[in-house]
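Analysis of the macromolecular model
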Amino acid sequence: MSRYKVGIVMDPIESIKPWKDSTLAMMLEAQRRDYEIYYIQINGIYMDAGISHACYQTVRLIDDNHHWYEIINSGRCRLDSLDVILMRKDPPFDLEYIYCTYLLEQAEQSGVLVVNKPASLRNCNEKLFTRYFPQCCVETRVSRDPNLLTEFIEQHQDCIVKPLDGMGGQSIFRVKSGDNNTNVILETVTRLGSSQTMVQRYIPEISNGDKRILLIDGQPVDYALARLPAEGENRGNIAAGASTRGQPLSTRDRWLCQQLGDELRSRGLIFAGVDVIGDFITEINVTSPTCIRELDHEFNLNVSSDLFNCIENYLNT
């Protein structure tokens, strides 16, 4: 008899890249701890008579890049029959994602630990959440008005423009003052002035990498994964072809994490990923932070074990 039942809400397991998938790392650790693992897709979560349920599959995980899972059986359960639920569905952060957080919230109100807290997933946009920490951030403006965004670009001369709902480096542009493409870029990213858009002063230290720092209950893992832009790229995103290099946290990195720690804990953001370029935080990832497997491999860590130690502390208090 296993100690705990864990539900893991994620994208289709057959579509993941096992050698770099952080959710798989978590599932393997849960299996090592003899948890009952309930693999759940977002379209399998439903509500009946005010109670949240899920269609699930139980799985056996294998740490093999060619054959990483086996389906054991399937069924349905009330979400409040689980001990903990890991919400690991990747963006897009759309209405379907938001609806799912409401269903997870019902289970949370019945005593299930949901990582991360559903209300905080809704409230903490990964780009706008940085506004709570102005001492950690580069100059930034958010607007859907292209004139206001152009004004900021002219003021700071060299800027990054990005949508608030993007991921993996999608629709991120570097724009300099006087660029003849400024208008069309802003029209594209703001969707003709209908979508709020972020513009930040360009940080030249991106050439040294966009560092991903993982935090567990507000405490950072001791190493960051620097994502180095590909030749001719401004984006430090692995999905955009960036290479990676692990490195110990700097004094400045630890100071930045210290600024965030209490706020993350108070909001129930048990597992977060902070993106740092140079001396500045650019985003705070709370939906499905990645880079566990890369850090584990390079530094002989087990980040998932640290995460489950934290989760078990919450379950036992």
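To keep things clear, this report deals only with the structure shown in the data block. (Residues numbered from 1 in each chain as written. Predicted model: local features only at pLDDT ≥ 70, side-chain atom pairs only at ≥ 80, totals over all residues. Heavy atoms only, no water.)

Here the second largest pocket defines a volume of roughly 260 Å³. What lines the second largest pocket is a set of 17 residues, and nearest its centre among them are Phe93, Asn125, Leu164, Asp165 and Gly166. Looking at the lining of the second largest pocket residue by residue, the class counts come to 7 nonpolar, 5 polar and 5 charged. (1 Å grid on protein atoms, 1.4 Å probe; cavity = no way out; pocket = protein on both sides within 12 Å on 5 of 7 lines; lining within 4 Å. Points joined across faces, edges and corners; volume = space filled by probe spheres on them. Nonpolar A, V, L, I, M, F, W, Y, C, P; charged D, E, K, R; others polar.)

This brings us to a nonpolar patch on the surface. Side chains of Leu95, Tyr99 and Tyr102 sit close together on the surface and give an oily, nonpolar patch of about 330 Å² of accessible area. With respect to the helices and strands, the residue Tyr102 is situated in helix H2 (residues 95-109). In this structure Tyr102 comes out as partly exposed when scored by relative accessible area, which is 43%. (Patch = residues over 30% accessible without salt bridge, like charges linked within 9 Å, V, L, I, M, F, W, Y side chains within 5 Å. Areas by Shrake-Rupley, 256 points an atom, 1.4 Å probe, with all protein chains shown as cover. Salt bridge = Lys/Arg side-chain N within 4 Å of Asp/Glu carboxyl O. Helix = DSSP H or I, 4+ residues; strand = E, 2+ residues; numbered from the N terminus. Buried < 20%, exposed > 50% of the residue type's maximum accessible area, 1.4 Å probe, protein only.)

What follows concerns the nonpolar core. Counting 39 residues, the largest nonpolar core has Ile40, Ile45, Leu79 and Ile85 as its most contacted members. It is H2 that contributes the most residues to this core, 5 residues altogether. Listed in part, the 36 residues of the second largest apolar core include Met10, Ala25, Tyr35 and Phe271. (Core = buried A, V, L, I, M, F, W, Y, C linked by side-chain atoms within 4.5 Å.)

Another point: the environment of Ala230. Within the element layout of this structure, Ala230 appears in the loop between strand E14 (223-228) and strand E15 (243-248). Separated by 12 residues in the primary sequence, Ala230 and Ala242 place their C-alpha atoms 5.0 Å from one another.

Moving on, we come to the sheet that holds strand E11 (residues 197-201). The strand order across the open sheet formed by 4 strands is E8-E11-E9-E10, and the pairing between neighbours is antiparallel. Bordering the open sheet on either side are strand E8 (140-143) and strand E10 (173-176), each of which pairs with just one other strand. Within this sheet the neighbouring strands show an average axis-to-axis angle of 25 degrees, counted without direction. Pairing of E8 with E11 involves 4 bridges; the strand directions are antiparallel. When the bridges of E11 are listed, Ser143 appears paired with Thr197. (Pairing = 2+ DSSP bridges. Axes fitted to C-alpha atoms, helices over the stretch in contact; angles between N-to-C directions.)

Mapped onto the secondary structure, Glu29 falls in helix H1 (residues 22-32). Among the polar contacts listed, one links the side chain of Glu29 to the side chain of Arg32, at a separation of 3.1 Å. Not counting residues up to four positions away in its chain, the partners in contact with Glu29 are Asn302, Ser304, Ser305 and Phe308. (Polar contact = N/O pair within 3.5 Å; in protein donor to acceptor, adjacent residues only side chain to side chain. Contact = heavy atoms within 4.5 Å.)

Turning our eyes to something else, we now look at empty space enclosed by the protein. On inspection of all chains with the given rule, the structure shows 1 cavity of 30 Å³ or more. Size it by volume and the largest cavity reaches roughly 70 Å³. Class assignment for the residues of the lining of the largest cavity results in 9 nonpolar, 2 polar and 1 charged.

This next bit is on H2. The terminal C-alpha atoms of H2 lie 21 Å apart, and with 15 residues this matches the ideal 21 Å at 1.5 Å per residue to within 8%. Of the positions making up H2, those classed as buried are Tyr97, Cys100, Thr101, Leu103, Leu104, Glu105, Gln106, Ala107 and Glu108. Buried residues in H2 make contact with strand E3 (45-48), strand E4 (51-61), strand E6 (84-87), strand E7 (113-115) and helix H3 (118-123). Where H2 terminates, the next one or two residues include Gly111, which has phi positive at roughly 110 degrees. (Expected span 1.5 Å × (residues − 1).)

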